[in-house]
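A closer look at the structure
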Amino acid sequence: MDTLNAESTALVVGASGGIGHAFVRRLLAESRVRRVWAATRSPRSPDLMALGEAYGDRLAPVVVDILDEQSIADLARHIGGRDPRLHLLINAFGFLHDREADIWPEKRLEDITPEAMLRNYRVNTLAPALIARHFLPLLNHRERAVFASLSARVGSIGDNRLGGWYSYRTSKAAQNMFTRGLAIECGRRAKRVICLALHPGTTDTGLSEPFQGRVPEDKLFSPDFAAGKLLERIDAASAEDSGGFFAWDGAPIPW
């Protein structure tokens, strides 16, 4: 990533997930970034600890609960105390299903429950908004910075031809609207911040695992492939792209 240099800092929220961990690994291995903050509920996961052994203090694992605003605010203060400028923030988390809570994508209207819809909204929409609220001061400086959130093509209203999946689709559509609105506000008060909604494609993670049966083999991506493609898109993004919704291959997605 040419836009990140030895003075740059990055934050990946959701760093113990499949794509999140791949983002962290690639940022450490393929960029000159000075430090990668890896935020997760499990900062001592074996995968992150292995990266820590390989990259030393360039990796900074930290704990966060994305459903708790105070936890997000505390994280922003902690990071800001060491790194007052962030150059890249990636929200690499998402929610679609929970077997224990019996939450699954809806096939018909009668399947909608308040619990499922609110859970999707809290993770997919509210959490990125609260992260932006507390971290924008660290992104707003004289150098280029990117705020990127993992979205999903199924959150596109214009591309919705199958219906169903009400909770996930609406929460991702709302996330996209937030990203668009944030970009407009940043255009007034944080002009060097680029805001992006990114679709990684169908990726081989726990989120998509129950729904991979009908996915062609060449359309099921590894987390490493998805992270690499999205980092290319982030690296290429200009101010004119801010507020846009893009697929893993760089193609714009209709709202």
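Data block above holds the structure.
Residues numbered from 1 in each chain as written. Predicted model: local features only at pLDDT ≥ 70, side-chain atom pairs only at ≥ 80, totals over all residues. Heavy atoms only, no water.

1. Concerning the overall build of the protein
Check the secondary structure of the protein and you find six helices and seven strands. Reading the helices (α) and strands (β) of the protein from amino to carboxyl end gives β-α-β-α-β-α-β-α-β-α-β-α-β. Its C-alpha atoms give the protein a radius of gyration of 17 Å, within 12% of the compact-globule value 18 Å for 255 residues. The dimensions of the protein, computed from C-alpha atoms along their principal axes, are 50 × 40 × 40 Å. Counting the 255 residues in the protein, one finds 50% classified as buried. Taken together, the 32 basic and 31 acidic charged side chains of the protein have centroids lying 5 Å from each other. (Helix = DSSP H or I, 4+ residues; strand = E, 2+ residues; numbered from the N terminus. Rg over C-alpha atoms; globule rule 2.2 N^0.38 Å. Buried < 20%, exposed > 50% of the residue type's maximum accessible area, 1.4 Å probe, protein only. Lys, Arg positive; Asp, Glu negative; His and termini not counted. Charge placed at Lys NZ, Arg CZ, Asp CG, Glu CD.)

2. What to know about the pattern of salt bridges
On inspection of all chains with the given rule, the structure shows 14 salt bridges. In this structure, Asp224 engages Arg26 in a salt bridge whose closest nitrogen and oxygen atoms are separated by 3.1 Å. Of this pair, Asp224 sits in helix α6 (residues 223-236) while Arg26 sits in helix α1 (residues 18-30), and the two are 198 residues apart along the sequence. Residues Arg108 and Asp111 are paired through a salt bridge, measuring 3.7 Å at the closest nitrogen-oxygen approach. (Salt bridge = Lys/Arg side-chain N within 4 Å of Asp/Glu carboxyl O.)

Shape is all these values report; function is a separate question.
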